[in-house]
Amino acid sequence: MRKIANRNSEGALARNSEFQIPTIDTDKKRLAIIVPFRDRFEELLEFVPHMTAFLKRQDIPFHIFVVQQKDKNRFNRASLINVGFLKTRSHYEYIAMHDVDLLPLNDNLKYEYPEKGPCHIPSPETHPKYSYKYYAGGIVLVTREHYELVNGMSNQYWGWGMEDDEFYVRLKDAGLTFNRPSNITTGRKNTFRHIHDDAYRVRDKRRCYNQLEMTRRRDRRTGLHDVAHRVLSLHSLTIDGLPLTVLNVELICDRNATPWCQCPETREPEMPFTSNYENHVFHEFNVCYKNK
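As the structure is a prediction and not an experimental result, all values here were calculated from the model.

Colleague: Hey, could you run me through the state of the cysteines in this one?
Modeller: Here, disulfide denotes a covalent bond that connects the sulfur atoms of two cysteines. Applying the stated rule across the entire model yields 2 disulfides. The disulfide partner of C208 is C263, and the S-S distance across this bridge is 2.1 Å. Where C208 bonds to C263 through sulfur, the torsion about that S-S bond is close to -85°, and the disulfide is left-handed. Of the two residues, C208 sits in the loop between β8 (192–194) and α5 (211–215) while C263 sits in the loop between β10 (242–251) and α6 (275–290), which places them 55 residues apart along the sequence. Given a relative accessible area of 1%, C208 falls into the buried group. For C263, a relative accessible area of 11% translates into the label buried. Disulfide pairing places C253 opposite C261 at an S-S distance of 2.1 Å. Across the S-S bond of C253 and C261 the torsion is about -90°, and the bridge reads as left-handed. A relative accessible area of 17% places C253 in the buried class.

Colleague: Teacher, can you tell me more about helix α2 (residues 77–88) here?
Modeller: The periodicity of an α-helix, 3.6 residues per turn, causes residues three or four positions apart to be oriented the same way. With 12 residues, α2 extends 17 Å between its outermost C-alpha atoms, agreeing within 8% with the 16 Å of an ideal straight helix rising 1.5 Å per residue. With 10 of its 12 residues buried, α2 lies for the most part within the structure.

Colleague: I keep staring at the pairing of strand β2 (residues 31–37) and nothing clicks. Help me out?
Modeller: Taken across its 7 residues, β2 has 7 buried, putting it largely inside the fold. What you see with β2 is no split at all: L31, I33, V35 and F37 on one side and A32, I34 and P36 on the other are buried throughout. Of the strand pairs in this sheet, β2 and strand β3 (residues 62–69) are connected by 7 bridges, and their pairing is parallel. Residue pairing in the sheet places V35 in a bridge with V66 of β3. For the handedness criterion, the β-α-β arrangement of β2, helix α1 (residues 41–57) and β3 is classed as right-handed. Direction of pairing for β2 relative to strand β4 (residues 94–98): parallel, over a ladder of 4 bridges. Opposite I33, over in β4, you have A96 as the bridge partner.

Colleague: How should I be thinking about helix α4 (residues 163–173) in this particular structure?
Modeller: A large share of α4 lies buried, amounting to 9 of its 11 residues. Among all positions of α4, only E163, D164, D165, E166, F167, Y168, V169, R170 and L171 are buried. Where α4 ends, the next residue or the one after it, G175, has phi of about 80°, a positive value.

Colleague: Help me out: how do you make sense of the packing of aromatic side chains in this one?
Modeller: Think of a pair of aromatic rings as described by two things: how far the centres are apart, and how the planes are tilted against each other in angle. Taken as a whole and assessed by the stated rule, the structure comprises 10 aromatic pairs. Between the aromatic rings of F54 and Y111, the centroid separation amounts to 5.5 Å while the plane-to-plane angle is 70°, which identifies the pairing as edge-to-face. Of this pair, F54 sits in helix α1 while Y111 sits in the loop between β5 (102–104) and β6 (119–120), and the two are 57 residues apart along the sequence. Both residues of the pair, F54 and Y111, count as buried. Seen in terms of ring centroids, Y132 and Y135 are 5.7 Å apart; in terms of plane orientation they differ by 70°. Their pairing is edge-to-face. Y135 carries the same exposure label as Y132, and that label is buried. Members of the aromatic cluster, each reached through a chain of ring pairs, are F85, Y147 and F167. Between the NZ or CZ atom of K29 and the centre of the ring of Y113, over which it lies, the distance is 4.9 Å.

Calculation notes
- Residues numbered from 1 in each chain as written.
- Predicted model: local features only at pLDDT ≥ 70, side-chain atom pairs only at ≥ 80, totals over all residues.
- Heavy atoms only, no water.
- Disulfide = S-S within 2.5 Å.
- Helix = DSSP H or I, 4+ residues; strand = E, 2+ residues; numbered from the N terminus.
- Buried < 20%, exposed > 50% of the residue type's maximum accessible area, 1.4 Å probe, protein only.
- Expected span 1.5 Å × (residues − 1).
- Pairing = 2+ DSSP bridges.
- Right-handed = clockwise from strand over helix to strand, strands pointing away.
- Phe/Tyr/Trp six-rings, centres within 6.5 Å; stacked < 30°, edge-to-face > 60°.
- Lys NZ or Arg CZ within 6 Å of the ring centre and 35° of its normal.

This is the structure we're talking about:
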């Protein structure tokens, strides 16, 4: 039976007023695992024990930070990662932008310090679901300096999808090499475990107002420097005795700039997902980027 410390009888997180980020005393490069999150505790229960065992086998000094969105806006993965980076950069030399539903199985997937450039752990050849050429999501390792160099991630991606494509273009624009693990002999069925249940947790693929038009462009306006947010509380928890930190965050939306942070109640068209669609969107995105 899973044991979770520092939660009340109703399952809500207990309030903690001290915003003190845990540190690690070591001469090695320290890794902050930043998990953008909203109401997915079942997946977190698997993620923390799995990642703790996986990274301990690699002797990586790390800590898991779950950045939980606590507002009424649509989920914004990129902004949550920006907030997680801001809160950890003084104590950690690099981050892993890490989805909670993607668990690495192959110990040759190294989470070491990516000094040669950002490292994308799940390649299109090994991810169990996404195989399009420019896939750049799931898990990305980035040094503190490189994340600051590209001004983090865009804050305009409310809802599911495309924020990782825009981040890839930021890296490309800065002249950074986007690396992937080499000599991986496992394939799409046994390199990762993807624990997302599409039927139980439906992704928010709605596109409202002028969202699709605006999010296909390279965002040169928003990023790490202007992510509007409030940290509501910070909590030190354990799952099965394994430590993690949860930051409850309110993201603040500028409705004039990104009205799609809250779509109307009427049903909006959803973004289809196929590998061909993603390649098409990335192509248009890249064309827009070159023309801006």
